[in-house]
Structures are given as structure tokens and as C-alpha cells.
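One-letter residues, chain by chain:
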Amino acid sequence: MLDHISTHRAKFKLLGWGNWFSDEAQAIPGGKVVIDVSYFGVHVHQETHDLCEELSCPVAEGDFVLSHTQTLPGFTPPGSYKLKMTMEDKNNQKLSCFSFNFKIGFGSLISDS
């Protein structure tokens, strides 16, 4: 039985610009952020967060910054990963989509900086 599982925190910040409106300018009152992670091309993890916990709501058109801290298990296999983050409104309509690749090396420590 394990009494303690060591974890590491990975933090990322995304700078973006949203143009979610066609004719009328109105702010997005809420929605969700869906994070998908793939390991060597195989989907291994998904989680959903409230949009208003990740950004200040209502979300207006224009520049935004999304900061997210992810807790990784004590043992995260080394290799190539891809993170895809989708922002959706309350009607499940996609507002934005980001993806980036990252690697975790064998014996690597993840720092908060």
C-alpha cells in the first residue's frame, strides 16, 4: 500500500486573441475548457474545467491570457506528448483551440518557473 505518491506540477500560459462574434459584440458568460493529452499519438488523458475558473468571465472579444497548472503523477513516462485545449461556450460551440507538443525526459524534474 502506498502512503504517499509524489507529484510534479507543470504550468503553462497561453496568450490568445478571440474573435468569437459575427455581427454583435457580446461577452461569453461561461463555458468549458477541455484538455486532451496524447502520448506518442495515443490519447491518454482528458479533463474538463469551467471556463470561468480558467479565465475571468464574462470573456470579451480580444486579447486573453489563460494560465493552467497541471499536476502530473509521481511517475510520468518519458517521451513525446501533445496537449490540445479547446474552449467552448455553454452551447458547446468551439471558441478556440490550441495545441502544443512537449517532451518529458527520463529522470526529469518539472519546475514551476
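Shown above is the structure to which this text applies.
This one's a predicted model, so the numbers in the text were calculated from it and none came from an experiment.

### What to know about the state of the cysteines
Linking two cysteines covalently via their sulfur atoms produces the bond known as a disulfide. This model, assessed by the stated rule, comprises one disulfide. Covalent S-S linkage joins Cys 52 and Cys 57, the inter-sulfur distance amounting to 2.1 Å. A torsion of -95° about the S-S bond marks the disulfide between Cys 52 and Cys 57 as left-handed.

### A word on the nonpolar core
Of all hydrophobic cores here, the largest spans 19 residues; its most connected members are Val 33, Leu 51, Leu 55, Met 85 and Met 87. If you list the elements that add at least two residues to this core, you get strand E1 (8-18), strand E2 (31-39), strand E4 (62-72), strand E5 (79-89) and strand E6 (94-104). If you tally residues by element for this core, the top one is E5, at four residues.

### A closer look at unusual backbone geometry
The omega angle of the peptide bond from Cys 57 to Pro 58 is 0°, so this bond is cis rather than trans. Looking at the secondary structure, you find Pro 58 in the loop between helix H1 (51-54) and E4. Of note, the phi angle at Asn 92 is positive, near 65°, even though the residue is not glycine. By relative accessible area, Asn 92 is classed as partly exposed at 49%.

### Remarks on the pattern of salt bridges
Applying the stated criterion across every chain, the model contains one salt bridge. Measuring nitrogen to oxygen at the nearest pair gives 3.6 Å for the salt bridge that ties Lys 32 to Glu 88. Here Lys 32 is found in strand E2, whereas its partner Glu 88 is found in strand E5, with 56 residues between them in sequence. Classification of Lys 32 as partly exposed rests on a relative accessible area of 27%. The class for Glu 88 is buried, based on a relative accessible area of 12%.

### Brief notes about the pairing of E5
A large share of E5 lies buried, amounting to eight of its eleven residues. The sheet contact formed by E5 and E6 spans ten bridges and is antiparallel. Paired with Thr 86 across the two strands is Cys 97, which belongs to E6. Between E5 and E6, which follow one another and run antiparallel, lie four residues, and Asn 92 among them has a positive phi close to 65°.

What counts and how
Residues numbered from 1 in each chain as written. Predicted model: local features only at pLDDT ≥ 70, side-chain atom pairs only at ≥ 80, totals over all residues. Heavy atoms only, no water. Disulfide = S-S within 2.5 Å. Core = buried A, V, L, I, M, F, W, Y, C linked by side-chain atoms within 4.5 Å. Buried < 20%, exposed > 50% of the residue type's maximum accessible area, 1.4 Å probe, protein only. Helix = DSSP H or I, 4+ residues; strand = E, 2+ residues; numbered from the N terminus. Salt bridge = Lys/Arg side-chain N within 4 Å of Asp/Glu carboxyl O. Pairing = 2+ DSSP bridges.

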